[in-house]
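The chain contents come next:
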Amino acid sequence: MKVIVGLGNPGREYEATRHNVGWWLVDELAQRWHFEPWRKDGDAVSTSGLVGTKKVKLVKPQTYVNRSGEVLRPYLKREGWRAAEDLLVIVDEVAVPVGEYRLRAAGSPGGHNGLKSVEAHLKSPAYPRLRIGIKPVDERRQIGDLADFVLHTMPRDERVLVEEQYDRLCKAVELWIADGTEKAVSTMGR
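Since the model is a prediction, treat every value here as computed from it, not as a measurement. (Residues numbered from 1 in each chain as written. Predicted model: local features only at pLDDT ≥ 70, side-chain atom pairs only at ≥ 80, totals over all residues. Heavy atoms only, no water.)

Novice: How would you summarise the overall build of the chain if you had to cite specific residues and measurements?
Specialist: A count of helical and extended segments in the chain gives eight helices and seven strands. Relative to a compact globule of 190 residues, whose C-alpha radius of gyration would be 16 Å, the chain shows 15 Å and is just as compact. In terms of overall dimensions, the chain has C-alpha extents of about 50 × 30 × 30 Å along its principal axes. Taken across its 190 residues, the chain has 49% of its residues classed as buried. Restricting the contact set of the chain to residue pairs at least 6 apart, pairs at least 24 apart contribute 67%. (Helix = DSSP H or I, 4+ residues; strand = E, 2+ residues; numbered from the N terminus. Rg over C-alpha atoms; globule rule 2.2 N^0.38 Å. Buried < 20%, exposed > 50% of the residue type's maximum accessible area, 1.4 Å probe, protein only. Contact = heavy atoms within 4.5 Å.)

Here is the structure:
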């Protein structure tokens, strides 16, 4: 089973924040793939279904971003499940301009507390991640305090730039599901 975890914070006050772009994309995937409604699943909500012939589970942790890795505990116990092949983490990335993304097979958390939590639970940096850019393209918009920036509502013009990438992002995820990380990165990784 392929597991796609979108990072974000629970609660209405965080729905439109930059830190929740991972949730936005898994919501989009669930809608496009006509998956069942979201349901409680331990420390997360999840939905699942088939994408082509592959069983896929979409997961939105209900912990805060800095504890996102906790939702991986049940998968780590599954025989044959390997994070390097079966897990994709979708996350916001302040080093990537809004409207762009990076798909990588492995890497460092780069200061992202959600990725630090995932890596701590996996005990490895070897898992694919799709980083969705949230860095302002307007030079007049300053990042300032990082925690305030990621927990602030994304301005509408920037959100549009993220949403305009959904077709490409969904295609990258579908390629990852069908053909694996290497093929998805070489074709769509940017």
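That covers the picture; the talk isn't over yet.
Novice: Describe the pattern of salt bridges, listing the residues and the values that go with them.
Specialist: Close approach of charged atoms lets side chains of opposite charge pair. One pass over the full model with this rule turns up twelve salt bridges. Between Lys 2 and Asp 86 there is a salt bridge; the shortest N-O distance is 3.6 Å. Residue Lys 2 is located in strand S1 (residues 2–6), and its partner Asp 86 is located in helix H3 (residues 83–86); the two are separated by 84 residues in the primary sequence. Neither Lys 2 nor Asp 86 differs from the other in exposure class; each is buried. The partner of Arg 18 in a salt bridge is Glu 158, and the shortest N-O contact between them spans 3.5 Å. Of this pair, Arg 18 sits in the loop between S1 and helix H1 (21–32) while Glu 158 is found in helix H6 (residues 156–163), placing the two residues 140 residues apart along the sequence. Taking the relative accessible area as the measure of exposure, Arg 18 reaches 4% and is therefore buried. (Salt bridge = Lys/Arg side-chain N within 4 Å of Asp/Glu carboxyl O.)

Novice: So, the packing of H1 against helix H7 (residues 166–179): which residues are in play, and what are the values?
Specialist: In contact at an axis separation of 11 Å, H1 and H7 are set at 75° when each is read in the N-to-C sense. Relative to H7, the element H1 lies roughly perpendicular. Residue-level contacts link Trp 24, Leu 25, Glu 28, Leu 29 and Arg 32 of H1 to Tyr 166, Asp 167, Leu 169, Cys 170 and Val 173 of H7. Split by residue class, the contact of H1 with H7 holds seven nonpolar, no polar and three charged. (Axes fitted to C-alpha atoms, helices over the stretch in contact; angles between N-to-C directions. Parallel < 35°, antiparallel > 145°, perpendicular 65-115°, else oblique. Nonpolar A, V, L, I, M, F, W, Y, C, P; charged D, E, K, R; others polar.)

Novice: So, the sheet that holds strand S4 (residues 54–61): which residues are in play, and what are the values?
Specialist: One open sheet holds the seven strands; their spatial order is S2-S3-S4-S1-S5-S7-S6, and the pairing between them is mixed. Every interior strand has two partners, whereas the edge strands, strand S2 (39–41) and strand S6 (101–104), have only one. Taken pair by pair, the neighbouring strands of this sheet meet at an average axis angle of 35°, ignoring direction. Here H1 sits on the sheet and contacts S1, strand S3 (44–51), S4, strand S5 (87–97) and strand S7 (129–135); the angle it forms with S4, its principal contact strand, is near 145°. (Pairing = 2+ DSSP bridges.)

Novice: For helix H4 (residues 113–122), give the residues involved together with the corresponding values.
Specialist: Gly 114, Leu 115, Ser 117, Val 118 and Leu 122 are the residues of H4 that are buried. One side of H4 holds all its buried residues, which, seen down the axis, span an arc of 155°. Looking at the packing, one finds that the buried side of H4 touches helix H2 (73–76), H3, S5 and S7. Of the residues one or two after H4, Lys 123 is the one with positive phi, at around 60°. (Arc of directions from axis to C-beta.)

No statement about biological role is implied by the geometric values presented.
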